[in-house]
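# Secondary and tertiary structure notes
The primary structure of each chain is shown beneath.
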There are 2 protein chains.
Amino acid sequence: MRDVCIVGIGQTPIGELWDDSLRELAFKALRQAAADAGIERPEALYVGNMLAPRLSDQAHLGALIADYTGWRGIEATTVEAACASGGVAFQAAVRAVASGAVDVAAVCGVEKMTDDTPELVTSALATAADADFEGVQGASFVALNALIMQRYMYEYGVPHDAFAPFSINAHQNAVNNPNAMFQRAITLEDYKRASMIAAPINLYDSSPICDGAAAIILCPAEMARELAAKPLVRVLASATATDSLDLASRRDLLGLEAAQMSARKAYQQAELSPADIDVFEVHDAFSIMAALCLEAAGFAPRGQGTRLAQEGDITISGCIPISTMGGLKGRGHPVGATGVYELVDLVTQLRGEAGANQVKNAAVGMTQNIGGTGATVVTHILGRVE
Amino acid sequence: MRDVCIVGIGQTPIGELWDDSLRELAFKALRQAAADAGIERPEALYVGNMLAPRLSDQAHLGALIADYTGWRGIEATTVEAACASGGVAFQAAVRAVASGAVDVAAVCGVEKMTDDTPELVTSALATAADADFEGVQGASFVALNALIMQRYMYEYGVPHDAFAPFSINAHQNAVNNPNAMFQRAITLEDYKRASMIAAPINLYDSSPICDGAAAIILCPAEMARELAAKPLVRVLASATATDSLDLASRRDLLGLEAAQMSARKAYQQAELSPADIDVFEVHDAFSIMAALCLEAAGFAPRGQGTRLAQEGDITISGCIPISTMGGLKGRGHPVGATGVYELVDLVTQLRGEAGANQVKNAAVGMTQNIGGTGATVVTHILGRVE
């Protein structure tokens, strides 16, 4: 297996981007990443996307985006695992380069959610859950996460306010990210006053519906050393695990078992432990998910994820900074693109290019990208090459 | 890069399978393949599917099918490239095993098309074409293929009847395939009398709307030798190429350039030429596509694909047998599953298990799986291990 490095990153701002089509967003992110890497044309493209077949009447994004980006002819496919699509697309690219079949691979996570009505988007997002046992009952994606959050609060005796620091931290970090959707801080009072979406999830517990694209260029380590003017970042681990789609079949509602398994596999591959991780980009689609990620990945004991947040450990200067560029909550959550945004944010940290949000001496970092309510979890560990 | 072998195959019959849900179909094919391989549980699952997000309100098939098959926890994703989804899912599995990241990988192509109205299915199939430049004009998928066929007939002065042998051969071969949708032969008269769908494409030029699932188990060559009681089949080449989604942007409407490119790459990888191929499973979704595949892959000069068929060269005893178990036309075309069915049919031939349809001394064979009207083409070459 060849060592794989990240040599280019690109991203569009996240927001309601009504002037840009789906393919235009992908083009912008990919061209930026290719320029960053100093390459003209990759050999293969892996697209992470969840909603285009329903919201844009468009499947077959691999060839479409390859062509529109000026790369007609190259190998190209879409890789999908609901909101973990970006993460699994990146993993497919890593495998292709590691195997020796491909030298230069491009990854693009892209999603266009704001051209449709909220009703259509809500029903499209519900396809991440079990259609026969959850979707058919009318369970929206927020409602399913609300069930988990309610159970967490009951089981561990945690008040709703305990989740506020996740949202406050994410918004605070988004202030300094020009690509973030919400570049403004919020206070505990704002959190408390926020309108309820699906109790106990309020507006500030939830990530927004939005558009965006992020991209990454990968190549083998030997080639990377010739290409890169920037600090090199190496892929130390890439691991996916799964669980049941429906909540009712889970063995452990609060354990996020797929996150535990994928983190365990990733630590093994990288020969590292939680203590070695300097930055952790969590999948904070809902604040409850941030808490569960921290616990599943070994940064907090069960039921203690919110305490970690309340003690300030998750801030840029804390012992395990999360959502450092705003996370899904502050930067935004264009679902199929999110896994790639997480990786782009982490590379920005490891390169030392995070500006006011720079985590000091960030050398090793981790991302966790979640599909559905935890049915697919992809963990990546990246390390700066010294 | 490790050598990769196929150690198990499975399939459901193809048809209007109203008694089986999407997950049930996948389960049946995967369990059959696992039993054939003599394995209990793979490490990773790659699902090829195109239409579930629209027709079954279900994305996120990787985790769903892994769980339903009894493999909760394993790595699992969906890989999509319209009707080439089965082929690209298989390629992802090959890469994962070749890289060393995964030892035992499962692939499942699955599609459920007959639970919805023909109107919904037609609009879902159109997502394989360019939504902004073709779909929005109301161009159905049959209509786009009709444009290509019409141009072929005009450019090369070929009459409509010249395409009949493709359909006759496919139906003839389907007679002996218990999993085929249409197990009956047709005559030239039947072909001539068939009702027109979108001129010049008639009923017998088109493959059916249907349900089905096919599955394959892969592992490294060393492990395969320990596992397999059956003749081993090795992956000699795996190559994908792309073109524009929309026909108007093609440099060459009749060249099927992505098929040319992917075949060329595959021949290079395997160090083989068309003369070495004993069986060719073509993507005969429409009879025009069978003709273009034969030309693009080097079995006939431009404009001579139909002549090859008329001279009987494509039959079981011909010099380049195609659609040997009925092809997309006779066996059926559950779109996202088709690429896997093609590979399963080829393995059946290479193992010498094709019964009345056995191609004598079949040692090396090729499959071509096409997404859209030729925007993604995946070519695989497999060889029997002596």
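Residues numbered from 1 in each chain as written. Chains lettered and ligands numbered in written order. Predicted model: local features only at pLDDT ≥ 70, side-chain atom pairs only at ≥ 80, totals over all residues.

A word on the overall build of chain A. In terms of regular secondary structure, chain A is built from 14 helices and 11 strands. Split into buried and exposed, the 386 residues of chain A put 66% on the buried side. Sequence separation of 24 or more characterises 77% of the internal contacts of chain A that already satisfy a separation of 6 or more. (Helix = DSSP H or I, 4+ residues; strand = E, 2+ residues; numbered from the N terminus. Buried ≥ 20, exposed ≤ 12 C-beta atoms within 10 Å, placed from the backbone. Contact = placed C-beta atoms within 7 Å.)

Interface size is often expressed as the accessible area that is lost when the parts come together. Chain A puts 51 residues into the contact, and the matching count from chain B is 51 residues. Mapped by element, the contributors of at least two residues to the side of chain A that touches chain B are helix H2 (52-55), helix H3 (61-68), strand E3 (75-80), helix H4 (85-99) and strand E8 (233-242) of chain A. Considering only residue class, the side of chain A that touches chain B consists of 23 nonpolar, 18 polar and 10 charged. Two strands pair when backbone bridges link them, and E3(A) and strand E3 (residues 75-80) of chain B are joined in this way by 3 bridges, in the antiparallel orientation. Across the sheet, Glu80(A) pairs through a bridge with Thr78(B), a residue of E3(B). (Nonpolar A, V, L, I, M, F, W, Y, C, P; charged D, E, K, R; others polar. Pairing = 2+ DSSP bridges.)

Mapping between the two copies of the chain is achieved by a rotation about an axis and a shift along the axis. With an RMSD of 0.0 Å, chain A superimposes on chain B once it is rotated by 180° and translated 0.0 Å along the axis. In short, the pair behaves as if placed about a two-fold rotation axis. By C-alpha distance to the rotation axis, the residue of chain A lying nearest is Ser99(A), at 1.9 Å. Residue by residue, 100% of the interface of chain A is reproduced at the interface of chain B, so both copies engage with the same surface. (Least-squares fit on C-alpha atoms with pLDDT ≥ 70 in both.)

What follows concerns the environment of Leu188(B). All names here are of chain B. Note on placement: Leu 188 falls in helix H8 (residues 188-193). Judged by local crowding, Leu 188 falls into the exposed class, with 12 C-beta atoms found within 10 Å. Along the primary structure Leu 188 and Pro 42 are separated by 146 residues, whereas in three dimensions their C-alpha atoms are 46 Å apart. Excluding residues that lie within four positions of it along the chain, Leu 188 makes contacts with Ala 164 and Ile 168.

Right, let's talk about the domain arrangement of chain A for a bit. All names here are of chain A. When cut into domains, chain A gives domain 1 (4-117 + 209-227) and domain 2 (164-187 + 236-384). At the level of secondary structure, the elements contributing two or more residues to the side of domain 1 that touches domain 2 comprise strand E1 (4-11), H4, strand E4 (105-111) and strand E7 (212-220). Split by residue class, the side of domain 1 that touches domain 2 holds 22 nonpolar, 10 polar and 2 charged. (Domains from an automatic or database assignment.)

Residues Cys108(A) and Cys108(B) are the most contacted members of the largest nonpolar core, which totals 306 residues. Not counting residues up to four positions away in its chain, the partners in contact with Cys108(A) are Ala26(A), Ala29(A), Leu30(A), Leu45(A), Val47(A), Ile65(A), Ala213(A), Ala215(A) and Val340(A). (Core = buried A, V, L, I, M, F, W, Y, C linked by C-beta atoms within 7 Å.)

The next thing to look at is the pairing of strand E10 (residues 364-371) of chain A. A regular strand places its side chains on the two faces of the sheet in alternate fashion. Residue and element names in this part refer to chain A. For E10, the tally of buried residues reaches 7 of 8 residues, placing the bulk of the element in the interior. The pairing of strand E9 (residues 279-281) with E10 spans 3 bridges and is classified as parallel. Paired with Phe 280 across the bridge in E10 is Met 366. Pairing analysis gives 8 bridges linking E10 to strand E11 (residues 376-384), with the strands arranged antiparallel. Its bridge partner being in E11, Gly 371 is matched across the sheet by Thr 376. Counting the residues between successive antiparallel strands, the hairpin from E10 to E11 contains 4 residues, one of them, Gly 372, with a positive phi of roughly 65°.

Residue and element names in this part refer to chain A. In terms of burial, H3 is largely enclosed, as 8 of its 8 residues are buried. Among the residues making up H3, those that are buried are Leu 61, Gly 62, Ala 63, Leu 64, Ile 65, Ala 66, Asp 67 and Tyr 68. Phi for Gly 70, located one or two positions after H3, is positive at around 95°.

The subject of this paragraph is the packing of helix H10 (residues 257-270) of chain A against helix H11 (residues 287-296) of chain A. Packed helix pairs are characterised by how far apart their axes lie and by the angle those axes make with each other. All names here are of chain A. In the contact formed by H10 and H11, the axes pass within 9 Å of each other and the chain directions differ by 45°. Judged on the interaxial angle alone, H11 and H10 are oblique. Taken as a pair, H10 and H11 cross one another with a handedness that is right-handed. Two secondary-structure elements touch here, H10 through Ala 259, Gln 260 and Ala 263 and H11 through Leu 292, Cys 293 and Ala 296. Broken down by class, the residue content of the contact of H10 with H11 amounts to 5 nonpolar, 1 polar and no charged. (Axes fitted to C-alpha atoms, helices over the stretch in contact; angles between N-to-C directions. Parallel < 35°, antiparallel > 145°, perpendicular 65-115°, else oblique. Left-handed = near helix turned anticlockwise from the far one by under 90°.)

All right, on to the packing of H4(A) against helix H4 (residues 85-99) of chain B then. For the pair H4(A) and H4(B), interaxial distance at closest approach is 8 Å and the crossing angle is 55°. Overall, the two elements H4(A) and H4(B) adopt an arrangement that is oblique. Of the two possible hands of crossing, H4(A) and H4(B) adopt the one that is left-handed. Contacts between H4(A) and H4(B) involve Ala92(A), Arg95(A), Ala96(A), Ala98(A) and Ser99(A) from the first element and Ala92(B), Arg95(B), Ala96(B), Ala98(B) and Ser99(B) from the second.

Another aspect to go through is the pairing of E3(A). With 6 of 6 residues buried, E3(A) lies mostly within the body of the structure. The alternating pattern of E3(A) places Glu75(A), Thr77(A) and Val79(A) and Ala76(A), Thr78(A) and Glu80(A) on opposite faces, both of which are buried.

Here we take up the environment of Leu218(A). Residues and elements named next belong to chain A. In this fold, Leu 218 is placed in strand E7. On the basis of neighbour count, Leu 218 is assigned to the buried category, with 29 C-beta atoms found within 10 Å. Spatially, the C-alpha atoms of Leu 218 and Val 97 are 7.6 Å apart, while their sequence positions differ by 121 residues. In contact with Leu 218, not counting residues within four places along its chain, are Val 4, Cys 5, Ile 6, Ala 93, Val 94, Val 97, Ala 105 and Val 107.

Looking now at the environment of Arg72(B). Take Arg72(B): it is sitting in the loop between helix H3 (61-68) and E3. As a C-alpha pair, Arg72(B) and Lys112(B) span 40 residues in sequence and 22 Å in three-dimensional space. When residues no more than four places from it in sequence are discounted, the contact partners of Arg72(B) are Thr242(A), Asp243(A), Ser244(A), Ala66(B) and Asp67(B).

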